[in-house]
Structure formats: C-alpha cells, structure tokens
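The residues making up each chain are set out below.
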Amino acid sequence: MSDRSFSFRQLQSQFGLGQALQSLSLGAKTTAIEPSSWLLRTLEIAQSTTLLTEKERSERLISPILLELREQTHRQVSIFSGFELTIQPDQGLNGECDFIVARSPLDVELQAPICTIVEAKRGELESALAQCSAQVWGAYQFNQKFNSHWLSSIINPPNINHPDIDRPDQESRLPLPLFGCVTTGEIWRFLQLMRTPNDHYLIAIDRESYYLDQIPTILGILHYIAIVA
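Just so you know, these numbers come straight off a predicted model, no measurement behind them.

(A) Main features of the overall build of the chain. From N to C terminus, the chain includes seven helices and seven strands. Traced from its N-terminal end to its C-terminal end, the chain shows the element sequence α-β-α-α-α-β-β-β-α-α-β-β-β-α. Taking all 229 residues of the chain together, 53% fall into the buried category. The long-range share in the chain, meaning contacts at least 24 apart out of those at least 6 apart in sequence, stands at 66%.

(B) Highlighting the sheet that holds strand β4 (residues 113–119). Taken in spatial order, the seven strands of this open sheet run β1-β7-β6-β5-β4-β3-β2, and their pairing is mixed. Looking along the sheet, the strands with just one partner apiece sit at the ends: β1 (17–22) and β2 (78–84). Put simply, the sheet's adjacent strands are angled 25° from each other on average, direction ignored. Each of β1 and β7 (201–211) is contacted by helix α1 (residues 8–15), which is oriented at about 135° to β1, the strand it contacts most.

(C) Molecular detail of helix α3 (residues 37–47). Turning to α3, its buried residues number three or more, namely L39, L43 and A46. On an axial view of α3, the arc spanned by its buried residues comes to 60°, and they lie on one face. The inward-facing, buried residues of α3 contact α4 (54–72) and α7 (215–228).

(D) Representation of the packing of α1 against helix α5 (residues 125–146) in the model. Two elements in contact, α1 and α5, have axes whose closest approach is 9 Å; the angle formed by their N-to-C orientations is 30°. The angle between α1 and α5 falls in the class roughly parallel. Facing α1, whose interface residues are F8, L11 and F15, α5 presents L129, A130, S133, A134 and W137. The class makeup of the residues in the contact of α1 with α5 is seven nonpolar, one polar and no charged.

(E) Broad picture of the nonpolar core. Core analysis: the biggest nonpolar cluster contains 35 residues, and I65, V101, W188 and F190 have the highest contact counts within it. Residue assignment for this core shows that the elements contributing at least two residues are α3, α4, β3 (96–102), β4, β5 (179–183), β6 (187–195), β7 and α7. Top contributing element to this core by residue count: α7, with eight residues. Among all residues touching I65, those that are not within four sequence positions of it are L39, L43, W188, L212, I215, L219 and L222.

(F) The arrangement of the side chain of T184 in detail. For T184, the location among the structural elements is in the loop between β5 and β6. Here I187 takes part through its backbone nitrogen, which lies 3.0 Å from a polar atom of the side chain of T184.

(G) View of the packing of aromatic side chains. Applying the stated criterion across every chain yields a total of seven aromatic pairs. When the ring of F15 is compared with that of W137, the centres are 6.1 Å apart and the planes differ by 40°; the resulting orientation is tilted. Residue F15 is found in helix α1, and its partner W137 is found in helix α5; the two are separated by 122 residues along the sequence. On the basis of relative accessible area, W137 is assigned to the buried category, the value being 5%. With centroids separated by 6.2 Å and ring planes inclined at 65°, the aromatic side chains of F190 and Y210 adopt a geometry described as edge-to-face. Separated by 20 residues along the polypeptide, F190 in strand β6 and Y210 in strand β7 bring together distant segments of the chain. Exposure remark for F190: the relative accessible area of 0% places this residue in the buried category. What links up through ring pairs into an aromatic cluster is the set F6, F15, W137, Y140 and Y201.

(H) The pattern of salt bridges, seen in detail. Taken as a whole and judged by the stated rule, the model has eight salt bridges. For E56, the salt bridge identified is with R60, shortest N-O distance 3.7 Å. Residue E56 and its partner R60 are both found in helix α4; the two are separated by four residues, about one turn of the helix. On the basis of relative accessible area, R60 is assigned to the partly exposed category, the value being 32%. Between R70 and D107 there is a salt bridge, and its shortest N-O distance comes to 3.4 Å. Of this pair, R70 sits in helix α4 while D107 sits in the loop between β3 and β4, and the two are 37 residues apart along the sequence. Taking relative accessible area as the criterion, R70 reaches 16% and is therefore assigned buried. Judged by its relative accessible area of 43%, D107 falls in the partly exposed class.

Reading guide: rules and limits
- Residues numbered from 1 in each chain as written.
- Predicted model: local features only at pLDDT ≥ 70, side-chain atom pairs only at ≥ 80, totals over all residues.
- Heavy atoms only, no water.
- Helix = DSSP H or I, 4+ residues; strand = E, 2+ residues; numbered from the N terminus.
- Buried < 20%, exposed > 50% of the residue type's maximum accessible area, 1.4 Å probe, protein only.
- Contact = heavy atoms within 4.5 Å.
- Pairing = 2+ DSSP bridges.
- Axes fitted to C-alpha atoms, helices over the stretch in contact; angles between N-to-C directions.
- Arc of directions from axis to C-beta.
- Parallel < 35°, antiparallel > 145°, perpendicular 65-115°, else oblique.
- Nonpolar A, V, L, I, M, F, W, Y, C, P; charged D, E, K, R; others polar.
- Core = buried A, V, L, I, M, F, W, Y, C linked by side-chain atoms within 4.5 Å.
- Polar contact = N/O pair within 3.5 Å; in protein donor to acceptor, adjacent residues only side chain to side chain.
- Phe/Tyr/Trp six-rings, centres within 6.5 Å; stacked < 30°, edge-to-face > 60°.
- Salt bridge = Lys/Arg side-chain N within 4 Å of Asp/Glu carboxyl O.

Printed below as a string of structure tokens:
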C-alpha cells in the first residue's frame, strides 16, 4: 500500500487520525501578496492553452505559483517536486509526493517539510483529500524522526475549533505546523494537522476553496504556511 491508497477510514483505524470539516480562516489570517508580472503573464499564457493532462496543469499552473512563493520568501523555503517520501513503508507511508514545501533554504535534501501538495486527478479535489492527509501524516513522522533535535525550539499553536476536542494547551502544540493542499491548479483547498491535549490527532479540512482569480490570497496563504504559521 502507498499513501495514494489510503481512505479516511484507514487513516482513522491505522493511525488514529481523525478528520473534520471546519473553517481554518486562512484568508483572514494572511496578507494578500501581489504576484509578479512574470507570474501573471505565465498564468495568462497557461490559461490560454488547452490543459489536457495533470502533467500540463502541474507544469503550467502549480509549479509557477510555488516558484513565485520561493522568490517571495527570498528563497528561505524549498520546493520539491516528485519527491519520494518514504518514512514507514510497512505502514503504507511511502510514495511520490507531487510537491513538498519545506521550511529550509536547502533544496538538495529534504528538511522540515511543512506542506504537501497533491494535484487532484481528473479535477476531483475531494478524492485527493485522503491521499493528502496521509502525506501530511508522513511529513509529521519525518519531522519527528529527523528534525526533532531542532524543532523542539519552535512552538506554533494550531487553530482548533472542533466540538469533539479541546483547545490545545502549550504542551500539546505541534513543534512545526503541518499543512496540506489539494489543487487542480485552478482551485486550491487546504488542510492542517492538529493535536489535542489528549494526544489525539486530527486533519482539519478547510471548508473554503480558493480560485485562481484570487492569486494574491493564495500566495498570501502559502507565504503564511511557509514562513509565519
């Protein structure tokens, strides 16, 4: 099994990873970032062509936005495309990630992944949410295994608003925020890994989707995830 094979039911039974729909209010938390003329022109050209395959959408829509993010953050984050994230293959936590955003300028080796991005196949965002959740959990396990020696100094409170769990206290916060995103290139939907005081884990799926005509907001959210959160 690879992370592409997981369902939400399997994530719950195998890892105790719950799921909930809620408003993450990412647009309200962030400052919109105006895209460069290069990105605007690149997206304009892409949208004027017929995008028949996922590969075309990835190359012409998603990649330019992520490269813009790297430039907007003065190259303090790294973007990995097609990276094989193998952390617990016996548990099915292995497979190729479409994109990973890492909170590290080092782009020759993965360090501190903070956001996994899944390109929705056939334009179906909902069907990719479980896969993205599994990759976020894999990124969490990666950070626990390889980055715990310096992540312990970073405390970031996740925003939890769910009727079945309590708001986390200082001890229950994740040492590094972890997000996921499912996108067609034209529609972007985010999710976040959260932890409760009882050490239960939850994938909070944002109720809101963002569209390509909201590119300043999308860039602002990606910048918030990469640098601020």
